[in-house]
Amino acid sequence: MNQELISSIAEYVENNIAEFHSARIEKLKSINLKELLSRKNPYMFKAKNIVTAGQMVEGLASAYMSSAEESIFGNWMEGLAKFVANKVHSGYKSAAEGIDLEFDKEGIHYFVSVKSGPSWSNSTSMKKQKEQFRTAVKVFNTSRKAVPTMCIEGCCYGNDNKGYNDSLHEKYCGEKFWTLISGEPTLFVDIVEPLGFKAKEKNDEYYEEYGRMINKFTKEFIADYCNENDSINWDKIVRLNAAIKQPRQKKISTKKKGKK
């Protein structure tokens, strides 16, 4: 274990982890109940026999924030990966579109697109990523033709490591990715401990805000989406979520234009 590198990572986490927690709270503050009801599958909640406003709101908020946190923390982890590559290999932010990182290692110039996890792409986004790799290599080769290149789809977690038939790039996940950018085969485990910096303190602050949101939305849900007998108005919820939205009617002015 490179103790100096671990110490640097711990310092980086200490100085930057608050950004993740702040982003979570800001995400909480930015959402509203109507948005939650519009985004999530109402049929699933009915099938789960949700019968109280509290259950409904908690289920909506939990599903929404779980997805949002994955994205927020993924972005944060990408920053950590760039920090590590810069520390070890003098890696730098690429000027090429779609490429997050470039560095030289053992005579090879690497182009890296940093992803949170292995399931980030569909066929369209993968096609675009391949084109971005091709363009980056083509531009690079005009000035440094003698230097071999390698394109990496680098994922901060997971183990879906594979090459592709086009031989253009490879997918490095989890242990393999962190080893590439750091030279340390155990770094993918070593970084776990520093990430817990002030986690309880920050989570307490988050859940205080989360509790306020749940209480606020529960009151709104009872007022707007429950029947007079206090049962959930599923008809209204499904219509909000899935009914065809009617185009807004343009207002026709009744004022007569004056003669010129």
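Model, not experiment: these values are computed from the prediction.

## A short note on the pairing of strand 2 (residues 108–115)
Next up, step 1: Where burial is concerned, most of strand 2 is hidden: seven out of the eight residues are buried.
Next up, step 2: As defined by bridge partners, strand 1 (residues 101–105) adjoins strand 2 across five bridges and the pair is classed as antiparallel. Counterpart to E102 in the pairing with strand 2 is F111.
Next up, step 3: The turn linking strand 1 back onto strand 2 is made up of two residues, and E106 within it adopts a positive phi angle of 50°.

## Observations concerning the sheet that holds strand 2
Next up, step 1: If you trace the five strands from one edge of the open sheet to the other, you get 1-2-3-5-4, paired in mixed fashion. Each edge of the sheet is formed by a strand with only one pairing partner; in this case those strands are strand 1 and strand 4 (162–163).
Next up, step 2: Helix-sheet contacts for helix 4 (residues 53–89) involve strand 1 and strand 2, and the interaxial angle to strand 1 is about 30°.

## Side note on the environment of M77
Next up, step 1: With respect to the helices and strands, M77 occurs in helix 4.
Next up, step 2: Separated by 165 residues in the primary sequence, M77 and A242 have C-alpha atoms spaced 35 Å apart.
Next up, step 3: Residues in contact with M77, not counting those within four places in the same chain, are C156, W178, I191 and L195.

## Points about the packing of aromatic side chains
Next up, step 1: A full pass over the atoms with the stated rule returns eleven aromatic pairs.
Next up, step 2: Here Y12 and F83 contribute two aromatic rings whose centre-to-centre distance is 4.5 Å and whose plane-to-plane angle is 25°, an arrangement assigned as stacked. Separated by 71 residues along the polypeptide, Y12 in helix 1 (residues 3–30) and F83 in helix 4 bring together distant segments of the chain.
Next up, step 3: We classify Y12 as buried; its relative accessible area is 18%.
Next up, step 4: A relative accessible area of 22% means that F83 is categorised as partly exposed.
Next up, step 5: Residues F73 and W76 carry aromatic rings whose centres are separated by 5.8 Å and whose planes lie at 10° to one another, so their mutual orientation is stacked. In this pair, F73 and W76 are both assigned in helix 4, three residues apart and thus about one turn of the helix distant.
Next up, step 6: Take F73: its relative accessible area is 26%, and that puts it in the partly exposed class.
Next up, step 7: Put simply, the rings of Y12, F20, F73, W76 and F83 pair up and form one aromatic cluster.
Next up, step 8: Stacked on the ring of Y206, the Lys or Arg R24 has its end atom at 3.8 Å from the ring centre.
Next up, step 9: Lying over the aromatic face of Y164, K130 brings its terminal NZ or CZ to 4.4 Å of the ring centre.

## Some thoughts on helix 8 (residues 199–225)
Next up, step 1: The terminal C-alpha atoms of helix 8, which comprises 27 residues, lie 36 Å apart, in line with the 39 Å expected from a rise of 1.5 Å per residue.
Next up, step 2: Those residues of helix 8 that are buried lie in contact with helix 1, helix 2 (33–39), helix 4 and helix 9 (234–242).

## As for unusual backbone geometry
Next up, step 1: Positive phi outside glycine occurs at S90, with the angle close to 55°.
Next up, step 2: Considering the arrangement of structural elements, one finds S90 in the loop between helix 4 and strand 1.
Next up, step 3: A positive phi angle, near 75°, is found at D230, a position not held by glycine.

## Focus on the confidence of the model for the protein
Next up, step 1: Per-residue confidence for the protein averages 91 on the pLDDT scale, and 95% of its residues sit at or above 70.
Next up, step 2: The weakest mean pLDDT in the protein belongs to strand 4 at 88; the strongest belongs to helix 6 (residues 175–182) at 97.

## Some thoughts on the environment of A242
Next up, step 1: Tracing the sequence through the fold places A242 in helix 9.
Next up, step 2: The spatial distance from the C-alpha of A242 to the C-alpha of V88 is 51 Å, given a sequence separation of 154 residues.

## A closer look at helix 4
Next up, step 1: The end-to-end C-alpha distance of helix 4, which contains 37 residues, comes to 53 Å, matching closely the 54 Å that a straight helix rising 1.5 Å per residue would cover.
Next up, step 2: S90, located one to two residues past helix 4, shows a positive phi value of around 55°.

Calculation notes
- All residue numbers refer to positions counted from 1 along the written sequence of the respective chain.
- This being a predicted model, a pLDDT of at least 70 is required before a residue's local features are given, and a value of 80 or more before pairs of side-chain atoms are given or counted; all residues contribute to the totals for chains, interfaces and linings.
- Excluding hydrogens and water, the side-chain figures rest on all heavy atoms present in the structure.
- The buried label applies to any residue whose accessible area, calculated with a 1.4 Å probe on protein chains only, is under 20% of its type's maximum; exposed applies above 50%, and partly exposed to all values in between.
- The helix and strand labels rest on DSSP assignments: H or I over at least four residues marks a helix, E over at least two residues marks a strand, and numbering proceeds from the N terminus.
- For two strands to pair, DSSP has to find at least two bridges joining them.
- A contact between two residues is defined here by any heavy atoms of the two lying within 4.5 Å.
- Axis definition: a line fitted to C-alpha atoms, over the contacting stretch in the case of helices. Angles run 0 to 180 degrees between N-to-C directions.
- The aromatic pairing rule takes the rings of Phe, Tyr and Trp, using the six-membered ring of Trp, and pairs them if the centres are within 6.5 Å, calling planes under 30 degrees apart stacked, those over 60 edge-to-face and the rest tilted.
- A positively charged side chain is recorded as over a ring if its NZ (Lys) or CZ (Arg) lies within 6 Å of the ring centre. The angle to the ring normal must also be within 35 degrees.
- Helix span, expected: 1.5 Å multiplied by one less than the number of residues in the helix.
- Confidence of the predictor at the level of single residues is given by pLDDT, which spans 0 to 100.

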